[in-house]
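Chains, contacts and geometry: an overview
Read off the chains here:
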Amino acid sequence: MKKEFVVIGLGRFGSSICRELSEQGMEVMAIDRDEDRVNEFASIASHAVVADTTDESVLKSLGIRNFDHVIVAIGDDIQSSILTTLMLKEVGVKKVTAKAQNDYHEKVLLKIGADQVVHPERDMGRRIANNIVSNNVLDYLELSDEHSITEIIANEALAGNTIIDLDIRVRYGINIVAIKRGKEIIVSPQADETIVVNDILIIIGADKDIDRFEKKMND
């Protein structure tokens, strides 16, 4: 069965979530107070509605508790974001993901019942910063405050070595979980796999250990 989603707030973040979910064939109700924004999504979302989501009676009339997952993507209006999240939980929505502007906002959202809180600007900022700082890092995904999955391009220093030669699990406490080589992806590579220049190594580990490995690579 198709999952049914509601996206509240059609700013940049809400719009991109709404488009992506719609492209994946999900049922999406798009809600915003701004009629122009709603009209823009009339042909993209399954339903597009102009509504004030801080009003409990409005949420009930939309049958919002019947949806699987509601994303509160309200931008600058922190009060509306908090009130909407609170009302959604009051009317019995099973899963609410809310966008936070800052750490204080996140604390309040979690306290009033948000199931998940995201910081798209902060998280994207970290991701971009990591890509800028290191020429070798293609992508970076934070798993927790201290652990990440990172894509690193193999340079001359690594090329020609097998995974066992590098012994990075023992030396650095990190693991190569896959290697992208052109169009091929080698999942859980064998210890005798030889690394080639421009291989993309997908590495998982503690941030400090990944940093140590990168520094060594670039020595």
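Reading the values: the criteria
- In this convention, every chain numbers its residues from 1, walking through the sequence in written order.
- Where local features are concerned, this predicted model is filtered to residues with pLDDT of at least 70; where side-chain atom pairs are given and counted, the filter is 80 or more; whole-chain, interface and lining totals use all residues.
- Computation of side-chain values covers all heavy atoms of the structure but excludes hydrogens and water.
- Centres within 6.5 Å are what make two rings of Phe, Tyr or Trp a pair, Trp counting through its six-membered ring; a difference in plane orientation under 30 degrees is then read as stacked, over 60 as edge-to-face, and the rest as tilted.
- Here a strand is any run of E in DSSP of at least two residues, a helix any run of H or I of at least four, and the numbering for each starts at the N terminus.
- A 1.4 Å probe rolled over the protein chains alone gives each residue an accessible area, and that area as a share of the maximum for its type sets the label: buried under 20%, exposed over 50%, partly exposed in between.
- In what follows, residue pairs with any heavy atoms lying within 4.5 Å of each other are defined as contacts.

An unreviewed UniProt entry annotates the protein as Potassium transporter Trk of Domibacillus aminovorans.

1. So, the packing of aromatic side chains
How two aromatic rings sit relative to each other is given by the distance of their centres and the angle of their planes. Per the counting criterion, the structure on display carries one aromatic pair. Taken together, a centroid distance of 5.4 Å and an interplanar angle of 65° make the contact between Tyr172 and Phe213 edge-to-face. Residue Tyr172 is found in helix H8 (residues 168-172), and its partner Phe213 is found in helix H9 (residues 207-217); the two are separated by 41 residues along the sequence. Residue Tyr172 is classed as buried on the basis of its relative accessible area of 11%. Relative accessible area serves as the criterion here: at 3%, Phe213 is assigned to the buried category.

2. Digging into the environment of Ile44
One can find Ile44 in the loop between helix H2 (35-40) and strand E3 (47-50). Assessed through its relative accessible area of 28%, Ile44 is described here as partly exposed. The spatial distance from the C-alpha of Ile44 to the C-alpha of Glu23 is 8.5 Å, given a sequence separation of 21 residues. What Ile44 contacts, discounting residues up to four positions off in sequence, is Arg19 and Ser22.

3. Structural notes on unusual backbone geometry
The backbone of Asp167 shows a phi angle near 50°, a positive value even though the residue is not glycine. When you line up the elements, Asp167 lands in the loop between helix H7 (163-166) and H8. Of note, the phi angle at Ser188 is positive, near 45°, even though the residue is not glycine.

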